[in-house]
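# Structural overview for review
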Amino acid sequence: MPIRAFLLFLMVLSGCTRTSPPVYQGTKIRGINTVAPSEPIDSAAFVPIKNINAEWVAVIPYGFCREGEPRFYFNMERQWWGESLDGTAETIKLAHQNGLKVMLKPHAWVGRGTYTGDLDFKSEAEWLAFEKDFGAYILANARLADSMKVELFCIATEMDNFVRKRASFWRSIIKQTRQIYHGDLTYADNWNHYHRNPFWADLDYIGVDAYFPLSPEKHPSVETLQKGWKTHLEGLEELATTLQKPVLFTELGYRSVDFATAKPWESYQESPQNHELQANAYRAFFQEVWDKKWLVGMFAWKWFLHRPRRFHGDRDSYSPQDKPAEQVLKLEFGKANLDIKPK
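Residues numbered from 1 in each chain as written. Predicted model: local features only at pLDDT ≥ 70, side-chain atom pairs only at ≥ 80, totals over all residues. Heavy atoms only, no water.

## Here we look at the side chain of Thr250
Locating Thr250 in the fold gives a position in strand E10 (residues 247-252). Among all residues touching Thr250, those that are not within four sequence positions of it are Asn33, Met103, Lys105, Thr186, Ala188, Gly207, Val208, Asp209 and Phe299. (Helix = DSSP H or I, 4+ residues; strand = E, 2+ residues; numbered from the N terminus. Contact = heavy atoms within 4.5 Å.)

## Side note on the sheet that holds strand E8 (residues 184-190)
Strand order around the closed barrel formed by eight strands is E1-E2-E5-E7-E8-E9-E10-E11, with parallel pairing between neighbours. Mean inter-strand twist for the sheet, computed between neighbouring axes without regard to direction, equals 30 degrees. Across three bridges, the pairing between strand E1 (residues 29-35) and strand E2 (residues 56-59) is parallel. Each bridged residue has a counterpart across the sheet, and for Asn33 the counterpart in E2 is Ala58. Sitting on the sheet, helix H3 (residues 85-97) is in contact with E2 and strand E5 (101-104), with an inclination near 155 degrees to E5. Across the sheet, helix H4 (residues 124-147) lies against E5 and strand E7 (152-157), angled at about 165 degrees from E7, the strand it touches most. (Pairing = 2+ DSSP bridges. Axes fitted to C-alpha atoms, helices over the stretch in contact; angles between N-to-C directions.)

## Describing the environment of Asp86
Examined against the element boundaries, Asp86 turns out to sit in helix H3. In this structure, the C-alpha to C-alpha distance between Asp86 and Leu144, residues 58 residues apart in sequence, is 9.5 Å.

## Let's talk about H3
Over its 13 residues, H3 runs 18 Å from end to end, which matches the ideal 18 Å to within 8%, given 1.5 Å per residue. Within H3, burial applies to Gly87, Thr88, Ala89, Thr91, Ile92, Leu94 and Ala95. For H3, the secondary structure elements touched by its buried residues are E2, E5 and H4. A positive phi of about 80 degrees marks Gly99, the residue just after H3. (Expected span 1.5 Å × (residues − 1). Buried < 20%, exposed > 50% of the residue type's maximum accessible area, 1.4 Å probe, protein only.)

## A closer look at the pairing of E8
The side chains of a regular strand alternate between both faces of the sheet. Across the seven residues of E8, six count as buried, placing the element largely inside the fold. Here E7 pairs with E8 via four bridges, running parallel. Following the sheet pairing, Cys154 is matched in E8 by Thr186.

Nothing here speaks to function; it is all geometry.
Listed below in structure tokens is the structure:
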């Protein structure tokens, strides 16, 4: 169904006749998605994040599954320290001690490079078995979030096919989560599926992983990238207006390579290094998108709380650390007018 037709359907279904987008009244969320540490960290790991004027971090405890196997695994001994419940709790505690607010954001990792949104099963029995495990994963993190007074809980990330085929599971798990966790809820939907999500009305924010294509050029200018945003902003504003809910960019990031803004979601294609394009992509976002009154804020993707022993040049080039993009974030996050109500 085309985006406009779907939004019209939502408006009729909800009886909504408002034509103005919601106005977010709070301070914009200035956030960073952190990589779960493979080993214990201390408070010093968060100092560089504070130094770029960020006020939020996303803590991401991965769970794992395999395509075609109806099981989901989490909190296992062989996982990284920061992916365990104990490691997640300690990471949250250290973030809070540094004065940072936290979004707890569970992710699923599907083996053999399968995109989480393509996860599928052949039978009802397999779906039910998977849902039992996956539901336990969500609720375990919801209990942790509530006990640690986490400010925002993102119930899951980019489960496109699962959401489309099993909407009743999601509505049920959201209700169960509300009984456990007493803060705000969102879900991180992919940039090309967010408009088809059936349960936004049950959440507090429309969460979008904002890997929108902006320009096919090797090294586009900031102005070109700003123009690239315009076609995407219309759909976001229409959905926010229809549902009268603000939008949160649960992820926003670009690799520091040539053509990084053509398909920002592609993480394994080798390309020549281009740090300036990554910085320009963030500049374009802040100049074109940041002040939209329906936008709650964003979490940049991604930041290592300690550097990995082995750096994957293709996948890990999203990090802005020690690159011009880090200075762009520091400048934009630090602007005093961010504490004023959006125009």
